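Examining the three-dimensional arrangement
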Amino acid sequence: MASPGALEPAAGSVPGTKVELTVSCRNLLDMDTFSKSDPVVVLFVQGSGSSEWKEFGRTEVIDNTLNPDFVRKFVLDYYFEEKQNLRFDIYNVDSKSCSVLKQDFLGQAFVALGEVIGSQRGRLERALTGVPGKRCGTILLLAEELSNCRDIVTMQLCANKLDKKDFFGKSDPFLVFYRSNEDGTFTICHKTEVVKNTLNPVWQPFTIPVRALCNGDYDRYGDGDVGSRGARAGYEHLFAGLALQTVKIDVYDWDRDGSHDFIGEFATSYRELSRAQSQFTVYEVLNPRKKCKKKKYVNSGTVTLLSFSVESEFTFVDYIRGGTQLNFTVAIDFTASNGMPSQPTSLHYASPYQLSAYALALKAVGEIIQDYDSDKLFPAYGFGAKLPPDGKISHQFPLNNNVDNPSCAGIEGVLESYLQSLRTVQLYGPTNFAPVINQVAGAAAQVTDGSQYHVLLIITDGVISDMLQTKEAIVTASALPMSIIIVGVGPAEFEAMEELDGDEVRVSSRGRYAERDIVQFVPFRDYVDDSGNQVLSMARLAKDVLAEIPEQLLSYMKTRDIKPRRADPQ
């Protein structure tokens, strides 16, 4: 079998997760003389890497209450890899003007969307501030993932007596699935493998989200039986623009040069496909051009749906809401190739005006991860340094100098310990990753029931010295609930890091392959803003390095058949 090189599905075609925020307030300031306040909540959002706040929406106004429960919700797209800052301003509406400047300000709260989702049961209470000398009350936020189609379909198809397209052989058929759009166009959503040299191919079973196949609309304006046996009348007009809202499947003969030969097409709907759970469904493959030219044309073969099954797809939010905690660990490169920390040329150098590359990478990733860690205590290690008083080289020394408890309080605590270590240890070498990977893997191995997931951030400047040991450590760790993020700082080429990333070739060691792709590598220089805007650089970096974490967590849960725990309703 081979994989056709053309006709790739468009990236980002599957809708993202949407979160609904419900807002309540308690003990608001009373600004009205003869009654209580008439509050409204205005939500502002901050763009990724921007300091500008933009109004997103408003609740309704509720008259005469200091404890409002608003009915109007805020629906936001949720991206785990981004720090989504939110600002809630509360006003007492005293005039008919739409301008908030003409209303009484009752207070405000700043939160990250990840904080709300990561809080217990998705509920967060935050004190309101902003009115000097006054207690402004509190705001209560409830985050719920919008109910949408999360079904996953697994299906298998075969074909019989397809048209022969190759001069010296038979055909090399494959299928291309398209879902319809509301404007009558089609978007590619799946492509099978190629089965070589046969007119009667049997394709491997494949899995696809229902929302990718039909946007969660089971009928999708489809004609139910269009394209199936017994519904041939008028079929040739299906793609002329009258009944385009359906699932369309094209059959091609694969050619090495990419000029795949069109064999034919048929159409169906999700509803019709689902009938194959109880019976085989046979579709006629029709070639409209042949049908017009040949009076005795019947079809270009048939495709049979052999099996079709549906199961629920769990999301990253399901696991977080069910209590899964992300445990964040940091490992920082203290090898001599970074340069003397006191010199401006050093990668560890922090001027009075800006953070070092190491500190920027740490803050960018850590400030998002910390929203999903309830205790906000982060183990932090250094590697490649000589430690006082005897100058012993260590590859996993605690930055806070506490071997029994290497955890630091929050990202600021990690930064403080990192800067303190720069003043006390001697940068040396070599650059070994395996010890700290094994350290975190040991912790991950203690709890494998899905309640804990570990994320290790390694920040480094140089060529790895223990590649074989690191590969072995990664292969072992791939069976555990953990992911590894490697951020490369400085001008090095980092070819070895690309190998560890495993996107093209799965990491292997001594004949064993990693069960999952758990490593994400990025060079920090690719995210540095040309204008020197560190906030933008951090946002870009965090977006890319964290984008794979949800899928990596889901892959672990799926391979272990771990389902999300039901959130405590209390």
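Residues numbered from 1 in each chain as written. Predicted model: local features only at pLDDT ≥ 70, side-chain atom pairs only at ≥ 80, totals over all residues. Heavy atoms only, no water.

1. Here we look at the overall build of the chain
Looking only at helices and strands, the chain has 12 helices and 28 strands in total. Counting only contacts in the chain whose residues sit at least 6 apart along the sequence, the fraction spanning at least 24 positions is 71%. Looking at the chain as shown, the accessible area adds up to about 26,900 Å², and 50% of this sits on carbon and sulfur atoms. (Helix = DSSP H or I, 4+ residues; strand = E, 2+ residues; numbered from the N terminus. Contact = heavy atoms within 4.5 Å. Areas by Shrake-Rupley, 256 points an atom, 1.4 Å probe, with all protein chains shown as cover.)

2. A look at the packing of aromatic side chains
Taken as a whole and judged by the stated rule, the model has 17 aromatic pairs. An angle of 75° between the planes, with centres 6.4 Å apart, marks the rings of Phe 314 and Tyr 319 as edge-to-face. Members of the aromatic cluster, joined through ring pairs, are Phe 80, Phe 316 and Tyr 372. Over the aromatic face of Tyr 428 sits the side chain of Lys 386, whose NZ or CZ is 4.1 Å from the ring centroid. Directly above the ring of Tyr 79 sits Lys 543, whose terminal nitrogen or CZ lies 5.7 Å from the centroid. (Phe/Tyr/Trp six-rings, centres within 6.5 Å; stacked < 30°, edge-to-face > 60°. Lys NZ or Arg CZ within 6 Å of the ring centre and 35° of its normal.)

3. Here we look at unusual backbone geometry
At the junction of Pro 388 and Pro 389, the peptide bond is cis and its omega measures out at 5° in the coordinates. Tracing the sequence through the fold places Pro 389 in the loop between β19 (385-387) and β20 (392-394). Of note, the amide linkage connecting Gly 429 to Pro 430 takes the cis form, showing an omega dihedral of 0°. Within the secondary structure layout, Pro 430 lies in the loop between β23 (426-427) and α8 (434-444). Although it is not a glycine, Asn 64 sits at a positive phi angle of roughly 60°. Tracing the sequence through the fold places Asn 64 in the loop between β3 (53-58) and β4 (74-77). The exposure class assigned to Asn 64 is partly exposed, which follows from its relative accessible area of 44%. (Buried < 20%, exposed > 50% of the residue type's maximum accessible area, 1.4 Å probe, protein only.)

4. Remarks on the nonpolar core
One finds Leu 21, Phe 88, Phe 334, Val 487 and Leu 546 to be the most contacted residues of the largest nonpolar core, which totals 84 residues. Looking at which element gives the most residues to this core, the answer is helix α6 (residues 357-369), with 10 residues. If you look at the next biggest cluster of nonpolar residues, it comprises 36 residues, including Trp 203, Val 247, Ile 249 and Val 303. (Core = buried A, V, L, I, M, F, W, Y, C linked by side-chain atoms within 4.5 Å.)

5. Thoughts on the confidence of the model for the chain
Taken as a whole, the chain shows an average pLDDT of 85; of its residues, 88% reach a score of 70 or greater. In this model residues 220-245 is a low-confidence stretch, pLDDT under 50, and it forms 54 contacts with partners more than four residues away in sequence or in other chains. (pLDDT = per-residue confidence, 0-100.)

6. Examining the pattern of salt bridges
Note on pairing: side chains with opposite charge can pair once their charged atoms come close. The full count for this structure, using the stated rule, is 17 salt bridges. A salt bridge links Lys 363 to Glu 367, with the nearest nitrogen and oxygen atoms 2.8 Å apart. Linking Lys 363 with Glu 367, this pair stays in helix α6, spanning four residues, or about one helical turn. Here Lys 363 falls in the buried class, since its relative accessible area comes to 14%. Glu 367 gets classed as partly exposed once you look at its relative accessible area, which sits at 22%. Residues participating in the shared-partner salt-bridge network are Lys 363, Glu 367 and Glu 412. (Salt bridge = Lys/Arg side-chain N within 4 Å of Asp/Glu carboxyl O.)

7. Points about the sheet that holds strand β10 (residues 173-180)
Spatial ordering of the open sheet is given by β11-β10-β13-β14, a layout of four strands whose pairing is antiparallel. Of all strands in the sheet, those bounded by a partner on one side alone are β11 (186-191) and β14 (261-268). Sheet twist, expressed as the average angle between the axes of neighbouring strands with direction ignored, equals 30°. With five bridges joining them, β10 and β11 adopt antiparallel strand pairing. Of the residues in β11, the one forming a bridge with Tyr 178 is Ile 188. (Pairing = 2+ DSSP bridges. Axes fitted to C-alpha atoms, helices over the stretch in contact; angles between N-to-C directions.)

8. A closer look at the sheet that holds strand β5 (residues 85-92)
Within the open sheet, the four strands sit side by side as β3-β2-β5-β6. Their pairing is antiparallel. Single-partner strands in this sheet number two, and they are β3 and β6 (104-112). Strand after strand, the sheet turns through a mean of 25° between neighbouring axes, direction not considered. Two elements, strand β2 (residues 39-46) and β5, share seven bridges in a ladder whose sense is antiparallel. Residue pairing across strands places Val 42 opposite Asp 89, the latter belonging to β5.

9. What to know about α6
Between its terminal C-alpha atoms α6 stretches 19 Å, which fits the 18 Å expected from 13 residues at 1.5 Å a residue. Buried residues dominate α6, accounting for 12 of its 13 residues. Those residues of α6 that fall on the buried side of the exposure criterion are Ala 357, Tyr 358, Ala 359, Leu 360, Ala 361, Leu 362, Lys 363, Ala 364, Val 365, Gly 366, Ile 368 and Ile 369. Looking at the buried side of α6, the elements it contacts are β17 (325-333), α7 (410-424), β24 (452-460), β25 (482-488) and α11 (534-546). (Expected span 1.5 Å × (residues − 1).)

10. Description of the environment of Ile 208
Mapped onto the elements, Ile 208 comes out in strand β12 (residues 206-209). Note on Ile 208: relative accessible area 3%, which makes it buried. Each C-alpha atom, one on Ile 208 and one on His 190, is 7.7 Å from the other, the two residues being 18 residues apart in sequence.

11. Description of the packing of α6 against α7
When two helices pack together, their arrangement is given by the angle between the helix axes and the distance between those axes. Interaxial distance between α6 and α7 falls to 10 Å at its minimum, and their mutual angle equals 160°. Taken together, α6 and α7 sit at an angle that is classed as roughly antiparallel. For the pair α6 and α7, the crossing hand works out as right-handed. Judged by residue contacts, Tyr 358, Ala 359, Leu 362, Lys 363, Gly 366 and Glu 367 of α6 engage Ile 411, Glu 412, Val 414, Leu 415 and Tyr 418 from α7. (Parallel < 35°, antiparallel > 145°, perpendicular 65-115°, else oblique. Left-handed = near helix turned anticlockwise from the far one by under 90°.)

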